[in-house]
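The lines below spell out each chain.
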Amino acid sequence: MRLEKCWFCSSTVYPGHGIQFVRNDAKVFRFCRSKCHKNFKMKRNPRKVKWTKAYRHLRGKDMTQDATFEFERKRNRPERYDRNVTEQTLKAIPLITKIRHERQKTHINKRQQAGKSMSRKKDAKELDQDLQMLPKKDIAHYEPKTKVLVSQLKTEENLMEE
Ligand SMILES: [Zn+2]
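Presented here is an overview of the structure given in this document. Here the structure is a predicted model, which is why all the values come from computation and not from measurement. (Residues numbered from 1 in each chain as written. Predicted model: local features only at pLDDT ≥ 70, side-chain atom pairs only at ≥ 80, totals over all residues. Heavy atoms only, no water.)

**With respect to unusual backbone geometry**
Non-glycine residue Ser 10 carries a positive phi angle of around 65 degrees. Its location among the elements puts Ser 10 in the loop between β1 (4-5) and β2 (12-13). On the basis of relative accessible area, Ser 10 is assigned to the partly exposed category, the value being 29%. Positive phi outside glycine occurs at Ala 26, with the angle close to 70 degrees. The residue Ala 26 is located in the loop between β3 (19-22) and β4 (28-31) in this model. The exposure class of Ala 26 is exposed, given its relative accessible area of 56%. (Helix = DSSP H or I, 4+ residues; strand = E, 2+ residues; numbered from the N terminus. Buried < 20%, exposed > 50% of the residue type's maximum accessible area, 1.4 Å probe, protein only.)

**What about the coordination of the zinc ion?**
The protein atoms donating to the zinc ion are Cys 6 (SG), Cys 9 (SG), Cys 32 (SG) and Cys 36 (SG), with metal-donor distances spanning 2.2 to 2.3 Å. Between the donor residues of the zinc ion, the gaps in sequence give the motif C-x2-C-x22-C-x3-C. Placement of the pair is Cys 9 in the loop between β1 and β2 and Cys 32 in the loop between β4 and α1 (34-41), with a sequence separation of 23 residues. Among the residues examined, Cys 32 registers a relative accessible area of 16% and is labelled buried. (Donors = N, O, S within 2.8 Å, 3.2 Å for Na, K, Ca; no water.)

**Considering the packing of aromatic side chains**
One pair of aromatic rings is described through two measures. These are the centre distance and the angle between the planes. The tally for this structure, following the rule as stated, stands at 9 aromatic pairs. Judged by centre distance (5.3 Å) and plane angle (75 degrees), the rings of Trp 7 and Phe 29 are edge-to-face. Here the residue Trp 7 occupies a position in the loop between β1 and β2, and Phe 29 occupies one in strand β4, the gap between them amounting to 22 residues. With a centroid separation of 6.4 Å and an interplanar angle of 75 degrees, the aromatic rings of Trp 7 and Phe 31 are classed as edge-to-face. (Phe/Tyr/Trp six-rings, centres within 6.5 Å; stacked < 30°, edge-to-face > 60°.)

**Quick word on the environment of Ser 117**
Considering the arrangement of structural elements, one finds Ser 117 in helix α3 (residues 83-129). The buried category is assigned to Ser 117, whose relative accessible area is 9%. With residues up to four places along the chain from it excluded, the contact list for Ser 117 reads Leu 153 and Glu 157. (Contact = heavy atoms within 4.5 Å.)

This is how it looks when you write it as structure tokens:
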């Protein structure tokens, strides 16, 4: 059983699913669903369509380089069946998937960090400028937040880079 990749969106095409197009120069294009096939017929470039893997890879939105991707490889020569190897592979698959998910999580967290710290800076600034937003009893002993927060964010960023 061979799992193919969709030419347009790069998702997995399972046996019995999707459609295959063979161009008259014998190049094979596989599509996971009619959505991808239609986009191909419209001559769209997958790199310019936002929901494809190619677009996300190109803009650094997904994790692209990782050791867990090395396991998945296309072989044109059939492997000789070995019970032990098959057993170990089946055991390893969930573990590898778990590791990959963890790494993807940290990748996304890292990407979001810049936006998060920016919005926190903006909030602190707004609070410093608009003290009336606070309840009256808190205004008397209020300390400006911006300076404290900026230095705090800087140390956080340094920690992330290490
Ligand atoms: Zn597709």
